Structures are given as structure tokens and as C-alpha cells.
Amino acid sequence: MSTATAADAVIRAAGCRGPISVRPPHGKKLLSLPWELRARDRNTVMWDLEPDSLDGIRDDAQAMTRYVVDNVRPASIVLLHPWAEGNAATCRALPAILAALQARGFSFVTVSGLLALR
């Protein structure tokens, strides 16, 4: 069994019923990755906001919240790493980000749900 087939089996066992999407680690689309993903009928998913990687924002929960709320748009994907070491501000910002976006009428869906809206 190939590594990709084994990975697919684990993903399916975890409950994924629809298309399998891939977010390349660190957003790196190396030479063969796009070809390989297309050959396997995979959606490549990227993000448009990554506030916990920005200098001046990553260590300030209020600045991070402002940045996301001011820059998010319909169908945005916000990449956050609240569990990563050193990202305590992300953990503090997340409830405020969610509340502010809900107050503005945004809802939250999975990537599969977002792709289904196309």
C-alpha cells in the first residue's frame, strides 16, 4: 500500500466522507506536489489570512483580533496555530475573533462546506 493510500485510509477512518483536501505544509507547493495532487483528484487549500505569523501582531491578542476582523471577507480561510508553542496570543484572540465575526454575520464552515458553496 502506498503512503498516499494509507493516508487516505486514515482520513476516511476519521470520518471524512467527501473529497479529501490538502493544505501543503507551510504553503510550499514544491515541484511535484501540484502534479501529484491533481493526479489524485485532490483540492489544494490555501489561506488568505495568517495573523499569528505577522510581526507586531503575533504577540498581541487585540492586534490579532483587529487584523482578522478588518481583513476577513466572505470565503476567507484564516490560518491560526493556537496550539503551537509561543502562540498564547492566538489562544487569547480566538474567542474574540469568533465573537466579532459572528456579530458581523459570518458563519463558520469546514473546507468541504466552503468548496460545496462554489
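Our subject is the structure listed above.
Attention in this report is confined to the structure presented alongside it. (Residues numbered from 1 in each chain as written. Predicted model: local features only at pLDDT ≥ 70, side-chain atom pairs only at ≥ 80, totals over all residues. Heavy atoms only, no water.)

## Digging into unusual backbone geometry
So the rule is basically this: Here a helix means four or more residues in a row that DSSP labels H or I, a strand means two or more in a row labelled E, and each is numbered from the N terminus. For every residue, the accessible area (1.4 Å probe, protein chains only) is compared with the maximum for its type, and the residue is labelled buried under 20%, exposed over 50%, or partly exposed between those bounds.
Even without being glycine, histidine 26 reaches a positive phi, approximately 60°. Residue placement: histidine 26 occurs in the loop between strand E1 (21-22) and helix H2 (33-39). Residues other than glycine seldom take positive phi values, yet alanine 75 does so here, at roughly 75°. With respect to the helices, strands and loops of the structure, alanine 75 is situated in the loop between helix H3 (61-71) and helix H4 (88-103). Residue classification places alanine 75 among the exposed positions, given a relative accessible area of 56%.

## A few points about the side chain of arginine 42
Stated formally: Think of a polar contact as two N or O atoms within 3.5 Å of one another; within protein, one of them needs to be a possible hydrogen donor and the other a possible acceptor, and neighboring residues in sequence only count if both atoms come from side chains. Residue contacts are counted whenever heavy atoms from the two residues lie within 4.5 Å of one another.
With respect to the helices, strands and loops of the structure, arginine 42 is situated in the loop between H2 and strand E2 (43-44). Within the structure, arginine 42 has its side chain in polar contact with the side chain of aspartate 8 (distance 2.4 Å). Arginine 42 has contacts with Asp8, Ile20, Val22 and Leu37, leaving out every residue within four places of it along the chain.

## A short note on the environment of cysteine 91
Mapped onto the secondary structure, cysteine 91 falls in helix H4. You can call cysteine 91 partly exposed: its relative accessible area is 41%. For the pair formed by cysteine 91 and alanine 6, sequence separation is 85 residues and the distance between their alpha carbons is 33 Å.

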